[in-house]
Number of protein chains: 2
Amino acid sequence: LRHLFLGAEGTLGIITAAVLKLFPRPRSVETAFVGLSSPHGALALFNLANERAGGTVTGFELIPRIGLEFAVKHAPGCRDPLSGPHPWYVLIELSSQTWEGLRRTIEEILAAGVEQGLVRDATIAASLDHAKAFWLLRHHIAGTQKYEGGSIKHDVSVPVAAVPDFIVEASAKVEAMIAGCRPCPFGHLGDGNVHFNISQPLSGDRSQFLARWDEVNAAVFAIVERYGGSISAEHGIGVMKRELLARVKDPVALALMRSLKRELDPNGILNPGKVL
Amino acid sequence: LRHLFLGAEGTLGIITAAVLKLFPRPRSVETAFVGLSSPHGALALFNLANERAGGTVTGFELIPRIGLEFAVKHAPGCRDPLSGPHPWYVLIELSSQTWEGLRRTIEEILAAGVEQGLVRDATIAASLDHAKAFWLLRHHIAGTQKYEGGSIKHDVSVPVAAVPDFIVEASAKVEAMIAGCRPCPFGHLGDGNVHFNISQPLSGDRSQFLARWDEVNAAVFAIVERYGGSISAEHGIGVMKRELLARVKDPVALALMRSLKRELDPNGILNPGKVL
């Protein structure tokens, strides 16, 4: 039942016991912050990293320039790790239980990325504090958007190979809908999970912008659907996306979800009102 | 539905499409054949390997001396990779996308195993053919049992940490039940999956031995249950274990399985007669 319960948000049952599989703490972690030209370059670098260090790639976070600017501007202690500006960034983390060789591996990946014209600039964390600073920057992207006015958010996923096209297409779409709006798509490239957030135009009205939430959602979700993606990647359905789910989900799948819900919770007492 | 369908043997639905996630072929593989004193030593070595090379341990097969003898005696081309006899063996395989360092890692694991008194002898494959010969030996254990008369088989799993105790206890139990029977427990230690097979006594009667199948099953399954294991690890329930399942499975779990089956296959047309 494990996968059935993932994302069910407590509507199918209550977890009363769990077995944990423990893994040793990695002995070696290397973290790099990389400047790139495009999300397509980021995907090519992701494939390169997997080819050379598959299994050790424990983080591959895509960040747009605007996301870095938000964090640097509004979050105390955040600074740009690279000397010049770049349109896109990735934060790469490699971890391994073996205690050497990772530094050389990440250097080789970045060198190959430079040779292939993917990497514009890069820095490898020289200390744990240095690595923490990269992650701090990444973590502050979502939170600092609020200082830039209203933002319309999407937590979507598409196949990993489709992430760059999705970002380009969805950004063009929302920019055409709302002149001056500022897309800030970031997230877990290796999982195909994009937080497609859009900040309001610089001098626009907040409530006027937010009033277009549903319309923008619909436009973005239409693109997600075309790529065979999901409108809810890691943040669940809950109440907010419950009605949306009914619109995007295949009727057969939805009927099956309903019948499983009925079977496992005939009295409808488990987290009522959520998901379905 | 992915996990729900695993092990359902086509009784819940038909797979009409699948998405494959591809991984690059490992660039570096190291294979070792190791002689040990006991299954407890094998578990300690498994933990040591995971601690030093977690994520690269792609094979960890436990083999008893009798299993090696069966293969060497009856399978053409099988030979003992070590010069002297040992009570137990493991076949270790490490694989990595990074293209160096693995040889040193496996050497360090084995050296630590020797220092800790776990490893009696070991050999690392010097070529692909050499590694293939190790695996050939492993693959011939099950097949060559037939040349040793009847065998009573179990495909069970217990928590990884309980495998050694299970093997010792179950072997003692069946040896007490049938004097001279020859337990040959082997399998995937890292998954907790033991093929607990028992060959008949050397000079005994085949049909007399096999007549005790159900009785031996019941005794072994009782020990499996005590360790919180499963009577069907990787070979499924099918028809053969259908009645057994009803006996060992929690009634609530069984009722849930039945209701999911009814819901997904109301007319009972999907692989009828299997599992439930």
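Residues numbered from 1 in each chain as written. Chains lettered and ligands numbered in written order. Predicted model: local features only at pLDDT ≥ 70, side-chain atom pairs only at ≥ 80, totals over all residues. Heavy atoms only, no water.

A. Spatial organisation of the interface of chain A and chain B. Listed per partner, the contact involves 24 residues of chain A and 25 residues of chain B. Carbon and sulfur atoms supply 59% of the area buried between chain A and chain B, which totals about 2200 Å² over both sides. Seen at the junction of chain A and chain B, the total is 2 salt bridges. The interface formed by chain A and chain B holds 5 residue pairs in polar contact (both at pLDDT 80 or more) in total. Every element with two or more residues in the side of chain A that touches chain B is listed here: helix 1 (2-5), helix 2 (39-53), helix 4 (102-115) and helix 10 (251-264) of chain A. Counting residues per element, the side of chain A that touches chain B draws most heavily on helix 10 of chain A, at 5 residues. Of the residues assigned to the side of chain A that touches chain B, the class counts are 8 nonpolar, 8 polar and 8 charged. (Contact = heavy atoms within 4.5 Å. Buried area = accessible area lost by both parts, 1.4 Å probe. Salt bridge = Lys/Arg side-chain N within 4 Å of Asp/Glu carboxyl O. Polar contact = N/O pair within 3.5 Å; in protein donor to acceptor, adjacent residues only side chain to side chain. Helix = DSSP H or I, 4+ residues; strand = E, 2+ residues; numbered from the N terminus. Nonpolar A, V, L, I, M, F, W, Y, C, P; charged D, E, K, R; others polar.)

B. Looking closely at the side chain of Glu93(A). Residues and elements named next belong to chain A. Looking at the element boundaries, glutamate 93 is found in strand 3 (residues 88-96). The side chain of glutamate 93 sits in the buried core without any salt bridge; arginine 138 is the nearest counter-charge, 11 Å away. There is a polar contact of 2.7 Å between the side chain of glutamate 93 and the side chain of threonine 58. The residues touching glutamate 93, leaving out its near neighbours within four places in the chain, are Val29, Glu30, Thr31, Thr56, Val57, Thr58, Gly59 and Trp135. (Buried < 20%, exposed > 50% of the residue type's maximum accessible area, 1.4 Å probe, protein only. Lys, Arg positive; Asp, Glu negative; His and termini not counted.)

C. Focus on the relation of the copies chain A and chain B. Once chain A is rotated about the relating axis by 180° and shifted along it by 0.0 Å, it coincides with chain B to within an RMSD of 0.0 Å. Each copy turns onto its partner about a two-fold axis. Using C-alpha coordinates, one finds that chain A approaches the rotation axis most closely at His3(A), a distance of 2.8 Å. In this assembly, 100% of the residues forming the interface of chain A have copies in chain B that are likewise at the interface, indicating an isologous arrangement. (Least-squares fit on C-alpha atoms with pLDDT ≥ 70 in both.)

D. Seen up close, the packing of aromatic side chains. Residues and elements named next belong to chain A. All told, the structure shown has 8 aromatic pairs over all chains when counted by the stated rule. Centre to centre, the rings of phenylalanine 33 and phenylalanine 134 are 5.6 Å apart; their planes meet at 50°, and the pair counts as tilted. Highlighted residues: phenylalanine 33 in strand 1 (residues 28-36) and phenylalanine 134 in helix 5 (residues 128-144), separated in sequence by 101 residues. With relative accessibility at 0%, the residue phenylalanine 33 sits in the buried group. Within the aromatic cluster, the residues linked to one another by ring pairs are Phe33, Tyr89 and Phe134. (Phe/Tyr/Trp six-rings, centres within 6.5 Å; stacked < 30°, edge-to-face > 60°.)

E. View of the packing of helix 3 (residues 65-74) of chain B against helix 5 (residues 128-144) of chain B. All names here are of chain B. Contact pair helix 3 / helix 5: the axes reach a minimum separation of 8 Å and the direction vectors enclose 85°. In this view, helix 3 runs roughly perpendicular relative to helix 5, as classed from their interaxial angle. For the pair helix 3 and helix 5, contact is made by Gly67, Leu68, Phe70, Ala71, Val72 and His74 and by Leu137, His140, Ile141 and Thr144, respectively. The residue makeup of the contact of helix 3 with helix 5, split by class, is 6 nonpolar, 4 polar and no charged. (Axes fitted to C-alpha atoms, helices over the stretch in contact; angles between N-to-C directions. Parallel < 35°, antiparallel > 145°, perpendicular 65-115°, else oblique.)

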